[in-house]
Every structure is written in C-alpha cells, then in structure tokens.
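The lines below spell out each chain.
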Amino acid sequence: MSGNATVRRRLGPALALALCMPPASAQAPVSLSRDVQPILDRYCVACHLYESPQGGLLLEAGDTHVATVDVPSTQAPLPRVAPGDPERSYLVHKLRGTQLQVGGSGAPMPFNADTGTSGLATDERRLIEAWIRAGAPDN
Ligand code: HEC
C-alpha cells in the first residue's frame, strides 16, 4: 500500500504537468495580424506592395488573406496558401526554396538579388507554417 502511495506521490507532479499542458490544438492560435503579418511587413512588403505587386502577389496588412488563401499560384499548380496544409502551400515552398520541386519557378523568397537566398529565420518560417496548419484563419 505504501508502495502505491509512493508511486502516486512520484507520478503526481508529472501527471499534473501533463494535464496542464494543452494539446497542440488548444494552444493559443497563431494570429495572422499579430504574428504573421509583422514578418511579411519586414521581409516581403517592399516588393509585394499595392502599387506594383511582384509576382502579382499582395502581402500588405489587410490584403494578405484574400491574396493568398485558396488563391492559385501564378507559377505552380498549387494554391499560394492551402488552409491546413503547408506542404500544398506554394508560399511555403518559396520560403523553403523548394519551389522547383513542386512545379514552380523563380527564386526563393524573400528574393534577394545579392545573395540569391532566403533571409527568413527558421522560426519565422515555422510560424507561418503553423498559421497555415491551423487553417490559415483571418485573425
Ligand atoms: C526584392 C523583392 C521581393 C521580396 C523582398 C519578396 N519577393 Fe516574393 N516575389 C518577387 C518577384 C520578383 C516574384 C516573381 C519572380 C520569382 O518568383 O522569382 C515573386 C514571387 C513570389 C511568389 C509567387 C507568387 C505566385 O503567385 O506564385 C510568392 C509566393 C512570394 N513571392 C512570396 C514572398 C514572400 C512570402 C516574401 C517575404 C518573405 C517575398 N515574396 C519577398 C519579389 C520579392
């Protein structure tokens, strides 16, 4: 009996911790306006702006959702953003530099004529992917 109590005492904190940790789906949702748009503002809007959107793509605040979610890419047989599915989202492939492997074209994004490489940090890319995986809400 006392053995069981010891086990319970030992498991108690671990169990409490496990119960406190929400499943992935219950975590604070990634927000387009709060989390994703600032990344786009910093790396993308210089070219994907209202006046002359490069690649025909607008990524300014207020335009991003309607310009990407379920909108066909002009370069590849994929939507720019497929809600819930980063692997089918052409924008993600442009960030990863895998655009040619999915039938696309052009340079990795954010386009950098000097280096030819993407300047996005891995955690910033993961945040965009998390937003897409959560269904790409307009939030
Ligand atoms: C220096 C200018 C520049 C910057 C900065 C830039 N882009 Fe682009 N983007 C372009 C150009 C030019 C094209 C079309 C040619 C190409 O794809 O290489 C393009 C095309 C694209 C396309 C393809 C559009 C389609 O319909 O398939 C996506 C997606 C894209 N950019 C996303 C981004 C994202 C996301 C960022 C920021 C992380 C970004 N770009 C930053 C210039 C830029």
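Residues numbered from 1 in each chain as written. Predicted model: local features only at pLDDT ≥ 70, side-chain atom pairs only at ≥ 80, totals over all residues. Heavy atoms only, no water.

A. Spatial organisation of the overall build of the protein chain. When helices and strands are counted, the protein chain shows five helices and zero strands. Scanning the protein chain from its N terminus toward the C terminus, one meets helices and strands in the order α-α-α-α-α. Every one of the 139 residues in the protein chain was classed for burial, and the buried ones make up 32%. Residue pairs at least 24 apart in sequence account for 43% of intrachain contacts in the protein chain once pairs closer than 6 positions are excluded. Roughly 8500 Å² of accessible area belongs to the protein chain as shown, and the carbon and sulfur atoms make up 58% of that amount. (Helix = DSSP H or I, 4+ residues; strand = E, 2+ residues; numbered from the N terminus. Buried < 20%, exposed > 50% of the residue type's maximum accessible area, 1.4 Å probe, protein only. Contact = heavy atoms within 4.5 Å. Areas by Shrake-Rupley, 256 points an atom, 1.4 Å probe, with all protein chains shown as cover.)

B. Examining the packing of helix α2 (residues 32-43) against helix α5 (residues 122-133) more closely. Two numbers describe how α2 lies on α5: the axes approach to 10 Å, and their chain directions differ by 135°. Classified by the angle their axes make, α2 and α5 are oblique. With respect to the hand of their crossing, α2 and α5 are arranged in left-handed fashion. For the pair α2 and α5, the contacting residues are Leu-32, Asp-35, Val-36, Ile-39, Leu-40, Arg-42 and Tyr-43 in the first and Glu-124, Leu-127, Ile-128 and Trp-131 in the second. (Axes fitted to C-alpha atoms, helices over the stretch in contact; angles between N-to-C directions. Parallel < 35°, antiparallel > 145°, perpendicular 65-115°, else oblique. Left-handed = near helix turned anticlockwise from the far one by under 90°.)

C. Main features of the site of the ligand. Neighbouring residues of the ligand: 21 residues in total, closest Cys-44, Cys-47, His-48, Ser-73 and Met-109. Here an oxygen atom of the ligand sits 2.8 Å away from a polar atom, N or O, in the side chain of Arg-80. Contact distances for the ligand include 2.7 Å between an oxygen atom and a side-chain N or O atom of Lys-94. In this structure the site holding the ligand corresponds to the largest pocket. Broken down by element, the shell around the ligand gets its largest block of residues, four residues, from helix α4 (residues 90-96). Looking at the shell around the ligand, its residues break down into twelve nonpolar, seven polar and two charged. (Near = heavy atom within 4 Å. Polar contact = N/O pair within 3.5 Å; in protein donor to acceptor, adjacent residues only side chain to side chain. 1 Å grid on protein atoms, 1.4 Å probe; cavity = no way out; pocket = protein on both sides within 12 Å on 5 of 7 lines; lining within 4 Å. Sits in = over half its atoms within 2 Å of the grid points. Nonpolar A, V, L, I, M, F, W, Y, C, P; charged D, E, K, R; others polar.)

D. Main features of the coordination of the iron atom of the ligand. Of the protein atoms, only His-48 (NE2) and Met-109 (SD) coordinate the iron atom of the ligand, at distances of 2.0 to 2.2 Å. Relative to the metal, the six donor atoms surrounding the iron atom of the ligand lie at angles of 85 to 179°, and the coordination shape comes out octahedral. Of this pair, His-48 sits in the loop between α2 and α3 (64-68) while Met-109 sits in the loop between α4 and α5, and the two are 61 residues apart along the sequence. On the basis of relative accessible area, His-48 is assigned to the buried category, the value being 10%. Look at Met-109 and you get partly exposed, because its relative accessible area is 22%. (Donors = N, O, S within 2.8 Å, 3.2 Å for Na, K, Ca; no water. Tetrahedral: all angles 85-135°; square planar, octahedral: opposite > 155°, others 65-115°.)

E. Highlighting the nonpolar core. Judged by nonpolar contacts, the single largest core of 20 residues is most densely connected at Val-36, Val-81, Ile-128 and Trp-131. Broken down by secondary-structure element, the contributors of at least two residues to this core are α2, α4 and α5. By residue number, the principal contributor to this core is α2, which donates four residues. Ignoring sequence-local partners within four residues, the contact set of Val-36 consists of Val-30, Ser-31, Leu-127, Ile-128 and Trp-131. (Core = buried A, V, L, I, M, F, W, Y, C linked by side-chain atoms within 4.5 Å.)

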